[in-house]
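Chain residues, written in single-letter form:
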Amino acid sequence: MQHGDYRESLEKRIERLGECLVEIRRQMEGLMADNQRLREIVRLAETELRNRREQVQKLEGELHALQNTKLEARAQIEQAIDHIDELIAQHEESPS
């Protein structure tokens, strides 16, 4: 192989390597852009998840309060019924 042929072959290889590097750089930039978009999507999803968790906790608190109110109302009704039963029993015991 002559010096000129060797030099030409080397220049072609260098040019091809340059083209490959440009393609690699282009693909890396695309991957970095995709990565940034995915990070933003994850950030938005985490924010939405936090909001939903807070909403669930709030609803659970409201449900617990309603259950307590229901139990208190039931206890009051039972007390009222007991009181009515006592009044009926007293009325039945008293001379008419």
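See the structure shown above.
Treat the numbers as computed from the prediction; the structure is a model and nothing was measured. (Residues numbered from 1 in each chain as written. Predicted model: local features only at pLDDT ≥ 70, side-chain atom pairs only at ≥ 80, totals over all residues. Heavy atoms only, no water.)

Asks: Sorry if this is basic, but what is going on with the overall build of the protein chain here?
Replies: A count of helices and strands for the protein chain gives 1 helix and 0 strands. Relative to the globule expectation of 12 Å for 96 residues, the C-alpha radius of gyration of the protein chain, 41 Å, shows a markedly less compact shape. Counting only C-alpha atoms and orienting by the principal axes, one finds that the protein chain spans roughly 140 × 20 × 10 Å. The buried share among the 96 residues of the protein chain stands at 0%. Total accessible area computed for the protein chain in this model is approximately 9400 Å², and 56% of it derives from carbon and sulfur atoms. Across the protein chain, the 15 positively charged side chains and the 21 negatively charged ones have centroids separated by 17 Å. (Helix = DSSP H or I, 4+ residues; strand = E, 2+ residues; numbered from the N terminus. Rg over C-alpha atoms; globule rule 2.2 N^0.38 Å. Buried < 20%, exposed > 50% of the residue type's maximum accessible area, 1.4 Å probe, protein only. Areas by Shrake-Rupley, 256 points an atom, 1.4 Å probe, with all protein chains shown as cover. Lys, Arg positive; Asp, Glu negative; His and termini not counted. Charge placed at Lys NZ, Arg CZ, Asp CG, Glu CD.)

Asks: Looking at this model, I keep getting lost on a negative patch on the surface. Mind explaining?
Replies: Taken together, the side chains of Glu78, Asp82, Asp85 and Glu86 define an acidic patch exposed on the protein surface. Turning to its location among the elements, glutamate 78 is positioned in helix H1 (residues 3-93). Overall, the relative accessible area of 46% leaves glutamate 78 in the partly exposed class. (Patch = residues over 30% accessible without salt bridge, like charges linked within 9 Å, V, L, I, M, F, W, Y side chains within 5 Å. Salt bridge = Lys/Arg side-chain N within 4 Å of Asp/Glu carboxyl O.)

Asks: So what exactly am I meant to see when it comes to the pattern of salt bridges here?
Replies: Pairing between side chains becomes possible if they bear opposite charge and their charged atoms approach one another. Within this structure, the stated rule accounts for 7 salt bridges. Of the charged contacts in the structure, one is a salt bridge between glutamate 11 and arginine 7, with a shortest N-O distance of 3.4 Å. Of this pair, glutamate 11 and arginine 7 both sit in helix H1, 4 residues apart, which is roughly one turn of the helix. A salt bridge links glutamate 23 to arginine 26; the shortest N-O distance between them is 2.4 Å. One end of the pair is glutamate 23 and the other is arginine 26, both in helix H1 and 3 residues apart, which spans about a single turn.

Take it as geometry only, folks, not as evidence of what the structure does.
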